[in-house]
Amino acid sequence: MIIESIVTTQAFDGEVNLAPMGVEWGDETIVIKPFLETTTFRNLEATRAAVVNLTDDVLLFAQGAIGTATAAVRPAERVRGVILAGTAAWREVEVVSIDATPPRSRIVTRVVHRGSAREFPGFNRARHAVLEAAILATRTHLIPAPELQADLARLRIIVDKTAGPREHEAMTLLERFVEQKLAGGAG
């Protein structure tokens, strides 16, 4: 089963990377599948550790999808890494194996520590819609513009009906990013 998470990794110099990512979830093993050219892959290959954060903060997913995510963090307990301050639960993981077959790696990790800070209330329809919009924003180079715009418009209706302020902010951020990408801007 794929679970949407924020994977945090750290470079040797201490720089933190936050990446929204669907991971193959298991009680003892989690498989992380970053693309080879990403900071997440480089950090996992170098440090062999990460934290898989479960959060309902879709603004972090949106920011991470377009490369602007920053958040308060605290040190992990058992691995070289950080836990998102507002996360509901987390898994600290160590790399067991790396398959770096292009274009996307398959990194099998072992859960070495787990924790929870608060109840995870789940996702309402707006949060699900923002997650889908964040995924679309990472695929502007793969999906034809009319299809992308139609999908975002459909998701916007859901957000308008069921969102709170943070979800509205996240959706607007993603829409603007996609508009800029489709117009040929840097985003």
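All figures in this text were calculated on a predicted structure; none of them were measured in a lab. (Residues numbered from 1 in each chain as written. Predicted model: local features only at pLDDT ≥ 70, side-chain atom pairs only at ≥ 80, totals over all residues. Heavy atoms only, no water.)

Engineer: Quick question: what am I supposed to make of the packing of aromatic side chains here?
Structural biologist: Aromatic ring pairs are defined here through the distance separating the ring centres and the angle between the ring planes. Scanning the entire structure with this criterion turns up one aromatic pair. Relative to Phe123, the ring of Phe120 has its centre 5.5 Å away and its plane inclined at 80°; by these criteria the two rings are edge-to-face. With relative accessibility at 37%, the residue Phe120 sits in the partly exposed group. (Phe/Tyr/Trp six-rings, centres within 6.5 Å; stacked < 30°, edge-to-face > 60°. Buried < 20%, exposed > 50% of the residue type's maximum accessible area, 1.4 Å probe, protein only.)

Engineer: Help me understand the nonpolar core, please; the structure alone is not making it clear to me.
Structural biologist: Considering soluble globular proteins, one finds that nonpolar side chains tend to be buried as a cluster. Counting residues in hydrophobic clusters, the biggest one holds 29 residues, and the most contacted among them are Val130, Leu155, Met171 and Leu174. Looking at this core, the elements that each hand over two or more residues are helix H2 (58–65), helix H3 (125–137), helix H4 (145–162) and helix H5 (165–182). The element that contributes the greatest number of residues to this core is H3, accounting for seven residues. Setting aside residues up to four positions removed in sequence, Leu155 forms contacts with Ala129, Glu132, Ala133, Leu136 and Met171. (Core = buried A, V, L, I, M, F, W, Y, C linked by side-chain atoms within 4.5 Å. Helix = DSSP H or I, 4+ residues; strand = E, 2+ residues; numbered from the N terminus. Contact = heavy atoms within 4.5 Å.)

Engineer: Just checking my understanding: could you explain the pattern of salt bridges for this structure?
Structural biologist: Close approach of charged atoms lets side chains of opposite charge pair. Applying the stated criterion across every chain yields a total of ten salt bridges. We note a salt bridge from Lys33 to Glu24, for which the minimum N-O separation is 2.9 Å. Residues Arg127 and Glu167 are paired through a salt bridge, measuring 2.7 Å at the closest nitrogen-oxygen approach. Within this pair, whereas Arg127 is found in helix H3, its partner Glu167 is found in helix H5, the two being separated by 40 residues in sequence. It is possible to trace a salt-bridge network through shared partners that takes in Asp56, Arg118, Arg127 and Glu167. (Salt bridge = Lys/Arg side-chain N within 4 Å of Asp/Glu carboxyl O.)

Engineer: Would you explain the packing of H3 against H5 in this entry?
Structural biologist: Put simply, H3 and H5 touch, their axes get as near as 10 Å, and they point 20° apart. When the axes of H3 and H5 are compared, the pair comes out roughly parallel. H3 and H5 meet at a crossing whose hand is left-handed. Two secondary-structure elements touch here, H3 through Ala126, Arg127, Val130, Ala133, Ala134 and Ala137 and H5 through Glu167, Ala170, Met171, Leu174, Phe177 and Val178. (Axes fitted to C-alpha atoms, helices over the stretch in contact; angles between N-to-C directions. Parallel < 35°, antiparallel > 145°, perpendicular 65-115°, else oblique. Left-handed = near helix turned anticlockwise from the far one by under 90°.)

Engineer: Where do I start with unusual backbone geometry in this structure?
Structural biologist: Only a minority of non-glycine residues have a phi that is not negative, and only a minority of peptide bonds are not trans. Omega for the peptide link from Pro102 to Pro103 comes to 0°, which places this bond in the cis form. Note that Pro103 resides in the loop between strand S7 (89–99) and strand S8 (106–116).

Engineer: Got a minute to help me understand the pairing of S7 in this structure?
Structural biologist: One face of the sheet, then the other: side chains in a regular strand alternate in exactly this way. Relative to S7, strand S4 (residues 49–54) runs antiparallel, the two sharing six bridges. Paired with Asn53 across the strands is Trp90, a residue of S7. By the bridge criterion, ten bridges tie S7 to S8 in an arrangement that is antiparallel. Residue Ile98 lies in a different strand from S8, and its bridge partner there is Ile107. Two successive antiparallel strands, S7 and S8, enclose a turn made up of six residues. (Pairing = 2+ DSSP bridges.)

Engineer: Just to check I follow, could you spell out the environment of Ala183 for this structure?
Structural biologist: By secondary structure assignment, the location of Ala183 is in the segment after H5. Taking the C-alpha atoms as reference, Ala183 lies 45 Å from Val112; in sequence the two are 71 residues apart.

Remember that the coordinates give geometry; whether it matters functionally is a separate question.
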